[in-house]
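Residues per chain are reported as follows:
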Amino acid sequence: MKNNIQIRKAKTKDIRAITKLHKKIVSEVNSAFYSPEVIKEWLNKISEGNVNHQFQNSVWIVAEIDSKIIGFGQYSVKDRQIYQINVDPKYLNQNIGKRLYEYIENGFKNNEIGKINLNSTLNAVGFYQKLGFEIVQEINFKLSRQSLKMIKMEKSLRKDCQVVLGRDIRKSLS
Ligand SMILES: CC(C)(COP(=O)(O)OP(=O)(O)OC[C@H]1O[C@@H](n2cnc3c(N)ncnc32)[C@H](O)[C@@H]1OP(=O)(O)O)[C@@H](O)C(=O)NCCC(=O)NCCS
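Residues numbered from 1 in each chain as written. Predicted model: local features only at pLDDT ≥ 70, side-chain atom pairs only at ≥ 80, totals over all residues. Heavy atoms only, no water.

### Observations concerning the site of the ligand
The condition is simple: Whether a residue is near a molecule or strand depends on its heavy atoms: it is near if one of them lies within 4 Å of it. Counted as a polar contact is a pair of N or O atoms within 3.5 Å, where, for protein atoms, one must be capable of donating a hydrogen and the other of accepting one, and residues adjacent in sequence contribute only when both atoms are in side chains. Shrake-Rupley sampling with a 1.4 Å probe provides the accessible areas, and residues are treated as covered by the protein chains on show and by no other component. Only protein atoms enter the 1 Å grid used here, on which a cavity is any set of points holding a 1.4 Å probe that cannot leave and a pocket is any open set flanked by protein within 12 Å on both sides along at least five of seven lines; residues with an atom within 4 Å of a point are listed as lining. For a molecule to be placed in a cavity or pocket, more than half of its atoms must lie within 2 Å of the grid points of that cavity or pocket. Counting from the N terminus, the helices are DSSP H or I runs at least four residues long and the strands are E runs at least two residues long. Amino acids outside the nonpolar list (Ala, Val, Leu, Ile, Met, Phe, Trp, Tyr, Cys, Pro) and the charged list (Asp, Glu, Lys, Arg) are all regarded as polar, and Gly is one of them.
Of all residues adjacent to the ligand, which total 21 residues, the nearest are I85, V87, N93, N95 and T121. In the model, an oxygen atom of the ligand is placed 2.9 Å from a nitrogen or oxygen of the N30 side chain. Between an oxygen atom of the ligand and a side-chain N or O atom of T121, the distance comes to 2.7 Å. Notes on the ligand: free accessible area 920 Å², of which the protein chains cover 77%. Taking a 2 Å distance to the grid points as the criterion, the majority of the atoms of the ligand fall inside the largest pocket. The element best represented in the shell around the ligand is helix α5 (residues 125-130), accounting for four residues. The class makeup of the residues in the shell around the ligand is nine nonpolar, 10 polar and two charged.

Written out as structure tokens, the structure reads:
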């Protein structure tokens, strides 16, 4: 694992690099799991304008090595949702995705959020399972003509509370 990686909040000056990297990742990594038609529509949705718009209502973070952006994440504490974690194909399996996730999870914990939700791409389900997420159900995210098959997942950050609560509910139902 590389040690000189910095995880920080993204700034508007990073939008161009994030957009370029996202297109590269969809073309090179996600394309192995989705049809060319889906990939084409997906790529059409990724633009500096869209990222800029999403900067208004979600938090973006980047992983940087020697001032080069090699990964990014997007989430909302208010909506208890991780929207995406993406790593440059050149840097996969070097714990960068995990580092981005840990930064995000700390943000949720600092705000005393009990549960995180996300919709995972088909290729990233194993990654999120490693981080403690469980599969909820398959969903179809509408693009234009095509739809993107994704897996809804969730992770409880307060496991013991949930077990006690579950037991109480079962008791009151019996
Ligand atoms: C999913 C993704 C972010 C993982 O990033 P990464 O930096 O390669 O992952 P890490 O090296 O941090 O892996 C952390 C752990 O998850 C495991 N892991 C990583 N990717 C995995 C995968 N696709 N399936 C199963 N396990 C995976 C690693 O082996 C590692 O396990 P360990 O802790 O036992 O060693 C990266 O593959 C990616 O950007 N994919 C394309 C974009 C995408 O679809 N993102 C999800 C959007 S919701």
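### Overview of unusual backbone geometry
Counted only if it meets this: The buried label goes to any residue with under 20% of its type's maximum accessible area, the exposed label to any with over 50%, and the partly exposed label to all in between, with areas taken from a 1.4 Å probe on protein chains only.
Residues other than glycine seldom take positive phi values, yet S67 does so here, at roughly 65°. Although it is not a glycine, E112 adopts a positive phi angle of roughly 55°. Counting through the fold element by element, E112 comes out in the loop between α4 (96-110) and β5 (115-121). Residue classification places E112 among the exposed residues on the basis of a relative accessible area of 63%.

### Quick look at the pairing of strand β3 (residues 68-76)
So the rule is basically this: Strand pairing follows a simple DSSP-based rule, namely that at least 2 bridges must link the two strands.
Here β3 lies mainly inside the structure; eight of its nine residues are buried. Inspection of the sheet shows strand β2 (residues 59-65) paired to β3 by seven bridges, in the antiparallel sense. Looking across to β3, one finds that A63 is bridged to G71. Linkage of β2 to β3, two consecutive antiparallel strands, is achieved through a turn of two residues, within which D66 is found at a positive phi near 45°. Relative to strand β4 (residues 81-87), β3 is paired through six bridges, and the arrangement is antiparallel. What sits directly across from G73, in β4, is I85.

### Re the packing of aromatic side chains
Defined as follows: Under the pairing criterion, centres of Phe, Tyr and Trp rings, with the six-membered ring standing for Trp, must be within 6.5 Å; the plane angle then separates stacked pairs below 30 degrees from edge-to-face pairs above 60, leaving the rest tilted.
Within the structure shown, the criterion is met by seven aromatic pairs. Seen from their ring centres, Y34 and W42 are 5.5 Å apart, and the 85° between their planes marks the pair as edge-to-face. On the basis of relative accessible area, Y34 is assigned to the buried category, the value being 9%. When the centroid spacing of 5.7 Å and the interplanar angle of 75° are considered together, the rings of Y101 and F133 count as edge-to-face. Taken as a pair, Y101 in helix α4 and F133 in the loop between α5 and β6 (134-142) lie far apart in primary sequence, 32 residues in all. Residues Y101 and F133 agree in their burial class; the two are buried. An aromatic cluster is present here, built from Y101, F127, Y128 and F133 joined pairwise through their rings.

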